[in-house]
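Summary of structural features
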Amino acid sequence: MTNADRSSVEIKVLLKNLDPTKPSIKHKDRLRRLNKFRNYVTSKPSPEFYDDDYSLLLLGSESPTATEDEDLSNMTLYGLMRAAGCPSTDHKDALKRSPRSA
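Since the model is a prediction, treat every value here as computed from it, not as a measurement.

Moving on to the pattern of salt bridges. Within this structure, the stated rule accounts for three salt bridges. A salt bridge links Arg 32 to Asp 29; the nearest nitrogen and oxygen atoms lie 3.3 Å apart. Within this pair, Arg 32 and its partner Asp 29 are both found in helix H2 (residues 27-41), separated by three residues, close to a single helical turn. Judged by relative accessible area, Arg 32 falls into the exposed class, the value being 53%. Overall, the relative accessible area of 23% leaves Asp 29 in the partly exposed class.

Take a look at the structure:
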């Protein structure tokens, strides 16, 4: 597996774990996954990414990459932009705490 392929896998795992509609994924699980991804991105030497990975990371299922890929088109992936705007279920008129770490 090349460095860029590993980056694609890391992005997909991150986005699967940002889904706020899954009751099995708690706040601490999202934070743990965000921190693991941040550590991967900031590691030395810096990882390589495919150009399509950037839109997938930011937009999730709404990116052109996800709509063109058969495997990804069947999944609901929350990109960082969408996850950052998820309303909190516990606090009225507030956003989820998880995106703060992104």
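Let's pick the thread back up.
For the rest of this paragraph, the subject is H2. The first and last C-alpha atoms of H2 sit 21 Å apart over 15 residues, in line with the 21 Å expected at 1.5 Å per residue. Regarding H2, the residues found buried are Arg 30, Arg 33, Leu 34, Phe 37 and Tyr 40. Looking down the long axis of H2, one finds its buried residues gathered within 120° of arc, a one-sided arrangement. Facing away from the buried side of H2 by over 90 degrees, the exposed positions are Lys 28, Arg 32 and Asn 39. Along its buried surface, H2 packs onto helix H1 (3-16), helix H3 (51-59) and helix H6 (80-84).

Rules used in this analysis
Residues numbered from 1 in each chain as written. Predicted model: local features only at pLDDT ≥ 70, side-chain atom pairs only at ≥ 80, totals over all residues. Heavy atoms only, no water. Salt bridge = Lys/Arg side-chain N within 4 Å of Asp/Glu carboxyl O. Helix = DSSP H or I, 4+ residues; strand = E, 2+ residues; numbered from the N terminus. Buried < 20%, exposed > 50% of the residue type's maximum accessible area, 1.4 Å probe, protein only. Expected span 1.5 Å × (residues − 1). Arc of directions from axis to C-beta. Contact = heavy atoms within 4.5 Å.

Everything listed here is a matter of coordinates, which is why it stays silent on function.
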